[in-house]
Number of protein chains: 2
Amino acid sequence: MQTYYNNEITLLKTFDIRPLNHRVAVLEYLNTHRTHPTADDIYNGLKTTMASISRTTVYNVLHLLVDKKVISTVGIDAQEMRYDAQTTPHLHFKCDQCGKIYDMFDATIPEISLEPNFTVHNVTVYISGLCPDCSK
Amino acid sequence: MQTYYNNEITLLKTFDIRPLNHRVAVLEYLNTHRTHPTADDIYNGLKTTMASISRTTVYNVLHLLVDKKVISTVGIDAQEMRYDAQTTPHLHFKCDQCGKIYDMFDATIPEISLEPNFTVHNVTVYISGLCPDCSK
DNA sequence: TTCAATGCAAATTTTTTGCAAAGTC
DNA sequence: GACTTTGCAAAAAATTTGCATTGAA
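Note that the structure is a prediction, hence the values are computed from the model and not measured.

Student: Even after reading the chapter, I still don't get the interface of chain B and chain A, so can you show me in this structure?
Tutor: Accessible area lost on assembly of the parts is the figure often given for the size of an interface. Contacts between the two partners involve 33 residues from chain B and, on the opposite side, 33 residues from chain A. Roughly 2,600 Å² is buried in total at the junction of chain B and chain A, and carbon and sulfur atoms are behind 65% of that figure. Here chain B and chain A share 0 salt bridges between them. Linking chain B with chain A are 14 residue pairs in polar contact (both at pLDDT 80 or more), by the criterion used here.

Structural data, given as structure tokens:
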């Protein structure tokens, strides 16, 4: 079985995750495909180069990486979960026309002030509209 | 079959939707259950009083109401879609501990300014954290 | 009577689970 | 050798579809 030597290994170790080949492969796929792929996208993308990988393993690895906060989920689609290796804070924009999802690094994450006694862990912002291509 | 005489009928007519009994019932359920129910919640809630209603119809009606913007979707759960008859702009807060979803009317919807050429239709904000009950 | 809406059952899609086999330290 | 991870197949959960029946204007 092929062995990976790259910085995904270092990253996983930082998070106290044993850098097994499948884990490295999933993380590498996410790092090189910044298109917010679904579990199925990842599975299909990897199975060509990685003879033995199963959907179960892709789900296992994704759940682990989300749990340990190495990656994050993008629940902008109604039907299936998407995943994102991007760690810089950013928003997601989905085009109503073409369906493409854009990262928005420039937009500022809003400061949300809630009623007292609510503790905020995370703020997620999804924006929908028309992308430049579809606005024409 | 029971016939409804209430303001849901008026509301549906406003949106150019024929106020058929099943539609009125689903909308009424959403108006009286401000708990962001799932399609299944609605189906189970209605089938006791409405002898003949099917899951298909619940989905049909929900899709129609969302399409016509009478109600909105709440995609805060990874697994299943939730629905909301609330029309006042507000945010959603989900407690990481108890899973309860809160409406946040006081929090201000952020002004998002994107790169030019992006047209914003809708901004959705999901907040996760601990609710007062679970913060104790 | 024409067209729209419904309900059933089956199919589809996404994700999870149980468990035996294989891999890792 | 003990413990973790994997893969298969099957199950589960949420949603959609095809189509015949029913209901509404």
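Student: Teacher, can you tell me more about the protein's contact with DNA strand C here?
Tutor: Near DNA strand C, the surroundings consist of 20 residues, among which Tyr59 and His63 of chain A together with Arg23, Ser52 and Thr57 of chain B are the closest. Each atom of DNA strand C within 4 Å of the protein belongs either to a base or to sugar and phosphate, the latter forming 81%. At 2.4 Å from a phosphate oxygen of DNA strand C is found a side-chain nitrogen or oxygen belonging to Thr57 of chain B. Classifying every residue of the surface near DNA strand C gives 5 nonpolar, 10 polar and 5 charged.

Student: Looking at this model, I keep getting lost on the protein's contact with DNA strand D. Mind explaining?
Tutor: Near DNA strand D you find 19 residues, and of these Arg23, Ser52 and Thr57 of chain A together with Tyr59 and His63 of chain B are the closest. Sugar and phosphate atoms represent 80% of those atoms of DNA strand D found within 4 Å of the protein. Within the side chain of Glu80 of chain B, one N or O atom sits 2.7 Å away from a phosphate oxygen of DNA strand D. Looking at the surface near DNA strand D, the elements that each hand over two or more residues are α2 (21-32) and α4 (55-67) of chain A together with α4 (55-67) of chain B. Residue contributions to the surface near DNA strand D peak at 4 residues, all from α4 of chain B. The residue makeup of the surface near DNA strand D, split by class, is 4 nonpolar, 10 polar and 5 charged.

Student: It is not clear to me how the nonpolar core should be interpreted in this structure. Could you clarify?
Tutor: Nonpolar side chains tend to gather and get buried jointly when the protein is soluble and globular. Core analysis: the biggest nonpolar cluster contains 26 residues, and Phe93 of chain A together with Phe93 of chain B have the highest contact counts within it. Every element with two or more residues in this core is listed here: β3 (91-95), β4 (101-104) and β5 (119-130) of chain A together with β3 (91-95), β4 (101-104) and β5 (119-130) of chain B.

Student: Looking at this structure, how should I read unusual backbone geometry?
Tutor: Where the residue is not glycine, phi is negative for most of them; where a peptide bond is considered, it is trans in most cases. All names here are of chain A. Of note, the phi angle at His36 is positive, near 55°, even though the residue is not glycine. Along the chain, the position of His36 falls in the loop between α2 and α3 (39-47). For His36, a relative accessible area of 1% corresponds to the buried category.

Student: I would appreciate a short explanation of the environment of Val123 of chain B in the present structure.
Tutor: Position of Val123 of chain B relative to the elements: it lies in strand β5. With a relative accessible area of 22%, Val123 of chain B lands in the partly exposed category. Sequence separation of Val123 of chain B and Lys47 of chain B is 76 residues, and the distance between their C-alpha atoms is 34 Å. With near-sequence residues (within four places) excluded, Val123 of chain B lies in contact with Val125, Tyr126 and Ile127 of chain A together with Ile112 of chain B.

Parameters at a glance
Here the residue numbers are simple positions, counted from 1 along each chain's written sequence. Written order determines the labels here, with chains lettered from A and ligands numbered from 1. Local features in this predicted model are restricted to residues of pLDDT 70 or higher, and side-chain atom pairs are both shown and tallied only at a pLDDT of 80 or more, whereas totals for entire chains, interfaces and linings draw on every residue. With hydrogens and water excluded, all non-hydrogen atoms of the structure serve as input to the side-chain values. Two residues qualify as a contact provided that any one of their heavy atoms is within 4.5 Å of a heavy atom in the partner residue. Summed over both partners, the accessible area lost on bringing two parts together, with a 1.4 Å probe, is the buried area. One speaks of a salt bridge when a side-chain nitrogen belonging to Lys or Arg is within 4 Å of a carboxyl oxygen belonging to Asp or Glu. Whenever two N or O atoms come within 3.5 Å, that pair is a polar contact, provided that in protein one can donate a hydrogen and the other can accept it, and provided that, for residues adjacent in sequence, both atoms are side-chain atoms. Whether a residue is near a molecule or strand is decided by its heavy atoms; if any one of them lies within 4 Å of it, the residue is near. Only Asp, Glu, Lys and Arg are considered charged in this grouping, and only Ala, Val, Leu, Ile, Met, Phe, Trp, Tyr, Cys and Pro are considered nonpolar; every other residue, Gly among them, is considered polar. Strands here mean DSSP runs of E at least two residues long; helices mean DSSP runs of H or I at least four residues long; both are numbered from the N terminus. Put simply, a nonpolar core is a bunch of buried Ala, Val, Leu, Ile, Met, Phe, Trp, Tyr and Cys residues held in one set by side-chain atoms that sit within 4.5 Å of each other. Buried means the residue's accessible area, taken with a 1.4 Å probe over protein chains only, is under 20% of the maximum for its type, while exposed means over 50%, and partly exposed covers the values in between.

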